[in-house]
Amino acid sequence: MTSTPPADAPVRPPLRERLAAAVSDPVLRILVGSTLISRVGRGIFLTVTVLYFTLIVGLTPGEVAIVLASASAAGVLASFAGGWLADRVSARRLLLWATGIEGVALIAYVFAGDFLTALVIAIVCGLFEQGANSTRSAIIARAFEGEARVGARAVLRTVTNASIAVGSGLGALALAIGTAEAYRALIVGAGLLYLLGLVQLVKLPARVDAPARAPIAEVVTATGSVDASATAAAARTARRDWRSHSPWRNPRYLLLTALSAIFGMQFGVAELGVPLWITRETAAPEVLISVLLILNTAIVIVFQVPASRGTHDLRVAGRASGIAAWLMAAACLVYAAAAGLPVGFAIAVLVIAAVAHAFAEVLSQAGGWGLSFELADPVRAGAFQGVFGMGYSVGALAAPLVVNATAISHGLAGWAVLAGVFLAAGLGIRWIARRAANRADAASAELPAPAASV
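The rules behind the values
- Chains are numbered independently. Their residues run from 1 in the order of the written sequence.
- Side-chain atom pairs in this predicted model are given and counted only at pLDDT of 80 or more, local residue features only at pLDDT of at least 70, and totals for whole chains, interfaces and linings cover all residues.
- Only hydrogens and water are set aside when side-chain values are computed; all heavy atoms of the structure are taken into account.
- A run of H or I in DSSP counts as a helix once it spans at least four residues, and a run of E counts as a strand once it spans at least two, with each numbered from the N terminus.
- Here's how the labels work: a residue is buried when its accessible area is under 20% of the maximum for its type, exposed when over 50%, partly exposed in between, all with a 1.4 Å probe on protein chains only.
- Note on contacts: a residue pair is in contact if any heavy atoms of the two residues lie within 4.5 Å.
- Note on areas: these come from Shrake-Rupley sampling with a 1.4 Å probe, and a residue is covered only by the protein chains present in the view.
- Stacked, tilted and edge-to-face pairs are distinguished by plane angle, under 30 degrees for stacked and over 60 for edge-to-face with tilted covering the rest, among Phe, Tyr and Trp rings (Trp via its six-membered ring) whose centres lie within 6.5 Å.
- By convention a nonpolar core is built from buried Ala, Val, Leu, Ile, Met, Phe, Trp, Tyr and Cys residues, the set being connected through side-chain atoms within 4.5 Å.
- The patches described consist of residues with a relative accessible area above 30% and no salt bridge, like charges being joined within 9 Å and nonpolar side chains (Val, Leu, Ile, Met, Phe, Trp, Tyr) within 5 Å.
- For salt bridges, the criterion is a side-chain nitrogen of Lys or Arg within 4 Å of an Asp or Glu carboxyl oxygen.
- Every angle, taken between N-to-C directions, lies between 0 and 180 degrees, and every axis is a line fitted to C-alpha atoms, over only the stretch in contact when it is a helix.
- Orientation labels follow simple angle bins: below 35 degrees gives roughly parallel, above 145 gives roughly antiparallel, 65 to 115 gives roughly perpendicular, and whatever is left gives oblique.
- Left-handed is the label given to a crossing in which the near helix is rotated counterclockwise from the far helix by less than a right angle, and right-handed is the label when the rotation is clockwise.
- Under the scheme applied, nonpolar residues are Ala, Val, Leu, Ile, Met, Phe, Trp, Tyr, Cys and Pro; charged residues are Asp, Glu, Lys and Arg; polar residues are all the others, including Gly.
- Here the expected span of a helix is defined as 1.5 Å times the quantity of residues minus one.
- Across the chain, each position has a pLDDT score giving the predictor's confidence in that residue, from 0 to 100.
- In protein, a polar contact requires one atom able to donate a hydrogen and another able to accept it; more generally it is a pair of N or O atoms within 3.5 Å, and residues adjacent in sequence count only if both atoms are side-chain atoms.

### Quick look at the overall build of the protein chain
Turning to step 1, where the next piece is worked out: Per the secondary structure count, the protein chain includes 14 helices and zero strands.
Turning to step 2, where the next piece is worked out: Counting from the amino terminus, the protein chain carries its helices and strands in the arrangement α-α-α-α-α-α-α-α-α-α-α-α-α-α.
Turning to step 3, where the next piece is worked out: Going through the 454 residues of the protein chain one by one, you find that 46% of them count as buried.
Turning to step 4, where the next piece is worked out: Residue pairs at least 24 apart in sequence account for 82% of intrachain contacts in the protein chain once pairs closer than 6 positions are excluded.
Turning to step 5, where the next piece is worked out: Working note: accessible area of the protein chain is about 21,600 Å², and carbon and sulfur atoms make up 68% of it.

This is the structure:
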């Protein structure tokens with residue numbers, strides 16, 4: 001016997017309508033359209049990069065490591081520079097230029113025939129990729145408010161994962177064919193997809209740019225002449241006021257950025273630690289590495305948007321970060337437990353760890369986005385997003401070294417250290433969120449009550 005829902009029960013709209021509602025804002029629709037196109041190119045490039053460098057260009061593994069590390073290091077500087085510039089020049093034009101140059105640089109890889117050329121191209125790609133990312137974050141910070149801001153980030157991340165997955169499938173064509181022509185053709189295609197994404201970005205409205213700074217008015221004396229010293233003093237005061245909004249003068253935001261960067265090393269666990277652990281220390285087949293990657297992508301695509309709802313609220317964001325901390329710590333210990341187990345048990349344990357890891361990723365991203373927006377000074381939204389992005393870039397740069405020095409080098413003890421690091425970072429983020437929420441509540445309580453109408 002089936003039960004009939006009450007007549008007044010809300011009817012959930014079909015999936016297509018929910019997806020359309022998620023991108024109803026024109027700015028988000030433009031960003032989604034560009035991301036859908038360009039991130040397919042990113043997926044292609046990520047799939048073929050290492051093998052292209054080694055098999056086609058002829059670089060040694062050490063040279064490949066230097067190329068990739070140099071690109072990441074360049075991205076650290078560009079992350080802040082992109083946000084800093086987005087407060088001073090048109091964010092629309094900045095994003096167009098950065099994306100266009102990155103697309104051209106990707107195409108230029110087909111002309112890389114030696115280590116130095118590949119290194120220069122990689123640095124250019126790293127600079128403009130991270131600069132574009134920070135500029136895009138600044139655009140989101142200005143174009144949306146509250147929950148819509150975090151929702152936009154979640155939608156874009158979901159689209160990014162789906163597009164990269166498609167691009168990875170296309171990149172596998174080059175791996176299957178194995179010829180230099182196949183590799184080069186797909187790399188050119190990846191760059192062209194970046195350039196094609198510009199067709200969407202040119203539609204961004206002017207409201208995504210930073211408001212123009214008011215010019216310093218000249219101080220005029222009683223006789224009508226300009227008082228040069230007073231005008232100069234006013235200019236100095238305006239500059240001091242502008243600098244007072246700098247993220248570098250906000251210890252709370254810098255601590256949030258540092259802890260988020262530490263927790264962001266969980267991406268290094270997925271990209272380096274887990275594959276090496278599976279191949280070296282467990283009986284699980286190597287194909288499981290791809291299966292776990294697909295599983296992670298699927299969980300992000302399905303759950304990122306729902307998990308991000310409400311994280312514009314400081315307490316909700318803190319709670320999400322705290323849960324992520326415990327999940328990530330558990331995932332590290334469960335990964336470690338797979339060593340020495342029979343094949344079937346090892347596979348089951350690794351899948352459980354990967355699921356916990358994926359949900360830790362989803363929740364940590366949701367909480368981090370909410371806090372990075374809500375705790376930033378809106379006067380210099382670009383600079384704050386640039387600093388936050390720079391923290392993630394530093395974490396990505398350090399992750400391979402940290403993961404190798406802990407889990408890969410010391411086994412269970414190393415995994416336990418990683419678990420403690422992630423737990424401390426995540427709980428630290430939760431503490432920041434709770435403290436900020438308490439201060440906001442106290443400030444609200446001190447406001448005078450509105451006068452009662454008679």
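That shown, we press on.
### Section: the packing of aromatic side chains
Turning to step 1, where the next piece is worked out: Applying the stated criterion to the full structure yields 12 aromatic pairs.
Turning to step 2, where the next piece is worked out: With centroids separated by 5.0 Å and ring planes inclined at 55 degrees, the aromatic side chains of Phe303 and Phe359 adopt a geometry described as tilted. Remark: Phe359 occurs in helix α13 (residues 343–374) and Phe303 occurs in helix α11 (residues 287–308); sequence separation between them is 56 residues.
Turning to step 3, where the next piece is worked out: Relative accessible area serves as the criterion here: at 27%, Phe359 is assigned to the partly exposed category.

### Description of the nonpolar core
Turning to step 1, where the next piece is worked out: Ranked by internal contacts, the top residues of the largest apolar core, which has 52 residues, are Val269, Tyr335 and Trp415.
Turning to step 2, where the next piece is worked out: Counting residues per element, the ones that place at least two in this core are α9 (251–263), α10 (266–281), α11, α12 (314–337), α13 and α14 (381–446).
Turning to step 3, where the next piece is worked out: No other element matches α14, which puts 17 residues into this core.
Turning to step 4, where the next piece is worked out: Aside from chain neighbours lying at most four places away, what touches Val269 is Val274, Pro275, Met328, Tyr335, His357, Val403, Trp415, Leu418 and Phe422.
Turning to step 5, where the next piece is worked out: Of all hydrophobic cores here, the second largest spans 30 residues; its members include Val27, Ala91, Ile140 and Leu201.

### Considering a nonpolar patch on the surface
Turning to step 1, where the next piece is worked out: Side chains of Val166, Leu170, Leu173 and Ile177 sit close together on the surface and give an oily, nonpolar patch of about 360 Å² of accessible area.
Turning to step 2, where the next piece is worked out: With respect to the helices and strands, Leu170 occurs in helix α6 (residues 146–177).

### Focus: the packing of helix α2 (residues 26–57) against helix α7 (residues 180–201)
Turning to step 1, where the next piece is worked out: The interhelical angle for the contact between α2 and α7, taken along N-to-C directions, is 160 degrees, at an axis separation of 8 Å. Considering the angle they form, α2 stands roughly antiparallel to α7. Our pair here, α2 against α7, has a crossing hand that is left-handed.
Turning to step 2, where the next piece is worked out: Looking at side-chain class alone, the contact of α2 with α7 contains 19 nonpolar, six polar and three charged residues.

### A look at α6
Residues spaced three or four apart along an α-helix point in a common direction, a consequence of the helix completing one turn every 3.6 residues.
Turning to step 1, where the next piece is worked out: Here α6 contains 32 residues, and its C-alpha end-to-end distance of 48 Å stays within 8% of the 46 Å for a straight helix at 1.5 Å per residue.
Turning to step 2, where the next piece is worked out: Looking one or two places after α6, you find Gly178, whose phi comes out positive at around 80 degrees.

### Side note on the environment of Arg39
Turning to step 1, where the next piece is worked out: Position of Arg39 among the secondary structure elements: in helix α2.
Turning to step 2, where the next piece is worked out: When its relative accessible area of 10% is taken as the criterion, Arg39 is described as buried.
Turning to step 3, where the next piece is worked out: For the pair Arg39 and Asn161, spaced 122 residues apart in the sequence, the C-alpha separation amounts to 8.1 Å.
Turning to step 4, where the next piece is worked out: In this structure, Arg39 is in contact with Thr160, Ser163, Ile164 and Tyr194, ignoring residues within four places of it in sequence.

### Overview of the pattern of salt bridges
Turning to step 1, where the next piece is worked out: Here the structure, examined in full by the defined rule, presents five salt bridges.
Turning to step 2, where the next piece is worked out: Between Arg207 and Asp25 there is a salt bridge; the shortest N-O distance is 3.5 Å. Remark: Asp25 occurs in the loop between α1 (15–22) and α2 and Arg207 occurs in the loop between α7 and α8 (228–244); sequence separation between them is 182 residues.
Turning to step 3, where the next piece is worked out: When its relative accessible area of 41% is taken as the criterion, Arg207 is described as partly exposed.
Turning to step 4, where the next piece is worked out: Between Glu374 and Arg149 there is a salt bridge whose closest N-O contact spans 3.1 Å. Taken as a pair, Glu374 in helix α13 and Arg149 in helix α6 lie far apart in primary sequence, 225 residues in all.

### Quick notes on the side chain of Ser163
Turning to step 1, where the next piece is worked out: Assignment of secondary structure puts Ser163 in helix α6.
Turning to step 2, where the next piece is worked out: Contacts of Ser163, omitting those with residues within four sequence positions, involve Thr35, Leu36, Arg39 and Val40.

### Quick look at the packing of α11 against α13
Turning to step 1, where the next piece is worked out: Contact geometry for α11 and α13: axes closest at 9 Å, N-to-C directions at 35 degrees. When you trace α11 past α13, the crossing you get is right-handed.
Turning to step 2, where the next piece is worked out: Taken together, the residues of the contact of α11 with α13 sort by class into 18 nonpolar, four polar and one charged.

### Structural notes on the confidence of the model for the protein chain
Turning to step 1, where the next piece is worked out: Per-residue confidence for the protein chain gives a mean pLDDT of 83, with 85% of residues at or over 70.
Turning to step 2, where the next piece is worked out: For the protein chain, per-element mean pLDDT is lowest for α1, which scores 52, and highest for α12, which scores 95.

### Brief notes about the environment of Leu427
Turning to step 1, where the next piece is worked out: Tracing the chain through its elements places Leu427 in helix α14.
Turning to step 2, where the next piece is worked out: Sequence-wise, Leu427 and Gly322 are 105 residues apart; in three dimensions their C-alpha atoms are separated by 5.2 Å.

### Notes on the side chain of Asn161
Turning to step 1, where the next piece is worked out: As for its placement among the helices and strands, Asn161 is situated in helix α6.
Turning to step 2, where the next piece is worked out: Taking the relative accessible area as the measure of exposure, Asn161 reaches 15% and is therefore buried.
Turning to step 3, where the next piece is worked out: Within the structure, Asn161 has its side chain in polar contact with the backbone oxygen of Arg157 (distance 2.8 Å).
Turning to step 4, where the next piece is worked out: Beyond its immediate stretch of four places on either side in the chain, Asn161 contacts Thr297, Val300 and Ile301.

### Concerning the environment of Thr282
Turning to step 1, where the next piece is worked out: Mapped onto the elements of the fold, Thr282 is located in the loop between α10 and α11.
Turning to step 2, where the next piece is worked out: Classification of Thr282 as buried rests on a relative accessible area of 12%.
Turning to step 3, where the next piece is worked out: Separated by 57 residues in sequence, Thr282 and Ala339 place their C-alpha atoms 4.7 Å apart.
Turning to step 4, where the next piece is worked out: Residues in contact with Thr282, not counting those within four places in the same chain, are Trp277, Ala338, Ala339 and Leu350.
Turning to step 5, where the next piece is worked out: There is a polar contact of 2.9 Å between the side chain of Thr282 and the backbone oxygen of Ile278.

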